[in-house]
Amino acid sequence: MKFATVSLNQVWRDKSKNIDLCKYYVKKAAEKRVDIIIFPEMTLTGFSMNTISLSEEVSNSETLENFSKLSKKYGVNIIFGACLIMDQDKLPKNTLCVAYKNGLVESVYSKIHLFSHAGEGERTLPGDKISVRKIENINFGFSICYDLRFPEIFSLMSSECNVVITIANWPAIRSADWILLLRARALENGCFMIGVNRSGMDGNSLKYNGDSLVVSPDGNEMNCYYFESDMRLYNIDNHEIVDNQKTISTLKDKRYELYSNMYKQKL
């Protein structure tokens, strides 16, 4: 499986300019015969708390439509973030979406842990479900930014997936935490972790390092085989991804029933 991470230098709250940037990278990825390309959290806007004006109805989303057209045109699976209002909800959710290479697009995961320090919980609804999807015969789990600090959801996902993708707008000032947590989640769960973070400066004058990385189940960062601007290309053998977890003892040694009972007793 070949995949690309793009540490997009997002133009603050400008969907038009950001979709043009995405088109450029999707076209480049297709030329390199990439299977999956991954963009950062809230791809076309940046992590803005002006969620009401930036959000779109999931049933009538221009962002979803644009990525659907891109994926079908170039034959590449695209993972991206958007601020979407689901069904009868009054507030939007910070959502991870997949545009499959056949043009089908769906919102697959809504951020469970909202960043209260930035007031995200006041303007956005939290998700309440973990999510796993099969893409190119590999089971992927998903998370968004601040989720990375909460190991419970990764522990639950690890029994169902081989790779976990985390899309983020993670500031440079906490870059060391970002790298440490991605390595920890990979090591403790015996899975590949793909972290995709933005680059540049946002409208709140926060700097981002664009430190996207891929961590193997042994906790080590993987080397890309090609890079161009903010895009990095990686190649992992599908058999290696699937077979790896058969040798990881932490998976078979987890005691989910005990954890659940302990939590209930605490309550």
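Some thoughts on the environment of Asp89
- Among the secondary structure elements, Asp89 is positioned in the loop between strand S4 (77–85) and strand S5 (93–99).
- Among the residues examined, Asp89 registers a relative accessible area of 28% and is labelled partly exposed.
- Between the C-alpha atom of Asp89 and that of Asn66, which follows or precedes it by 23 residues, the distance is 23 Å.

Examining helix H1 (residues 15–31)
- With 17 residues, H1 extends 24 Å from end C-alpha to end C-alpha; this agrees with the ideal 24 Å at 1.5 Å per step.
- By the burial criterion, the buried members of H1 are Asn18, Ile19, Cys22, Tyr25, Val26 and Ala29. With its buried residues spanning 125° around the axis, H1 presents them on a single face.
- The residue sitting at the N-terminus of H1 and contributing the capping side-chain oxygen is Asp14; that oxygen lies 3.3 Å from the backbone nitrogen of Ser16.
- Just beyond H1, the residue with positive phi is Arg33, at close to 60°.

Thoughts on the pattern of salt bridges
- The final tally for this structure, using the stated rule, is 12 salt bridges.
- We note a salt bridge from Lys69 to Glu65, for which the minimum N-O separation is 4.0 Å. Of this pair, Lys69 and Glu65 both sit in helix H3 (residues 62–74), 4 residues apart, which is roughly one turn of the helix.
- Overall, the relative accessible area of 52% leaves Lys69 in the exposed class.
- Among the salt bridges present, the one from Glu106 reaches Arg133, with a minimum N-O distance of 3.0 Å. Note that Glu106 is positioned in strand S6 (residues 105–110) and Arg133 in strand S7 (residues 132–135), a separation of 27 residues in sequence.
- You can call Glu106 partly exposed: its relative accessible area is 24%.

Observations concerning the packing of aromatic side chains
- Tallied over the full model, the rule gives 7 aromatic pairs.
- Judged by centre distance (5.5 Å) and plane angle (15°), the ring pair of Phe3 and Tyr234 falls under stacked. Separated by 231 residues along the polypeptide, Phe3 in strand S1 (residues 2–6) and Tyr234 in strand S15 (residues 231–235) bring together distant segments of the chain.
- Geometrically, the ring pair formed by Phe39 and Phe67 is tilted, given 6.3 Å between the ring centres and 50° between the ring planes. One end of the pair, Phe39, is in the loop between strand S2 (36–38) and helix H2 (51–54); the other, Phe67, is in helix H3, with 28 residues separating them in the sequence.
- Above the face of the Tyr226 ring, Lys32 is positioned so that its terminal group lies 4.2 Å from the ring centre.

Some remarks on the pairing of strand S8 (residues 138–144)
- The buried count for S8 comes to 6 of 7 residues, which makes it a mostly enclosed element.
- Two strands pair when backbone bridges link them, and S8 and strand S9 (residues 163–168) are joined in this way by 5 bridges, in the parallel orientation. Each residue of the ladder has a partner; that of Gly141, found in S9, is Val164.
- For the segment spanning S8, helix H5 (residues 151–158) and S9, crossover handedness is right-handed.

Comments concerning a nonpolar patch on the surface
- Residues Leu258, Tyr259 and Met262 make up a contiguous nonpolar surface patch of about 290 Å² in total accessible area.
- Its place among the elements puts Leu258 in helix H9 (residues 256–266).

Focus: the sheet that holds strand S13 (residues 213–215)
- The 5 strands are arranged S7-S8-S9-S10-S13 in an open sheet whose pairing can be described as mixed. On the outer flanks of this sheet lie S7 and S13, each paired with one strand and no other. The average angle at which neighbouring strand axes cross in this sheet is 25°, direction not considered.
- Bridge count for strand S10 (residues 192–197) against S13 is 3 bridges, and the pairing is antiparallel. The residue of S13 that forms the bridge with Ile194 is Val214.
- Packing against the sheet, helix H6 (residues 175–189) makes contact with S9, S10 and S13, and its axis sits at approximately 155° to S10.

Rules and cut-offs
Residues numbered from 1 in each chain as written. Predicted model: local features only at pLDDT ≥ 70, side-chain atom pairs only at ≥ 80, totals over all residues. Heavy atoms only, no water. Helix = DSSP H or I, 4+ residues; strand = E, 2+ residues; numbered from the N terminus. Buried < 20%, exposed > 50% of the residue type's maximum accessible area, 1.4 Å probe, protein only. Expected span 1.5 Å × (residues − 1). Arc of directions from axis to C-beta. Polar contact = N/O pair within 3.5 Å; in protein donor to acceptor, adjacent residues only side chain to side chain. Salt bridge = Lys/Arg side-chain N within 4 Å of Asp/Glu carboxyl O. Phe/Tyr/Trp six-rings, centres within 6.5 Å; stacked < 30°, edge-to-face > 60°. Lys NZ or Arg CZ within 6 Å of the ring centre and 35° of its normal. Pairing = 2+ DSSP bridges. Right-handed = clockwise from strand over helix to strand, strands pointing away. Patch = residues over 30% accessible without salt bridge, like charges linked within 9 Å, V, L, I, M, F, W, Y side chains within 5 Å. Areas by Shrake-Rupley, 256 points an atom, 1.4 Å probe, with all protein chains shown as cover. Axes fitted to C-alpha atoms, helices over the stretch in contact; angles between N-to-C directions. Contact = heavy atoms within 4.5 Å.

Without other data, these values stay purely geometric and don't point to any function.
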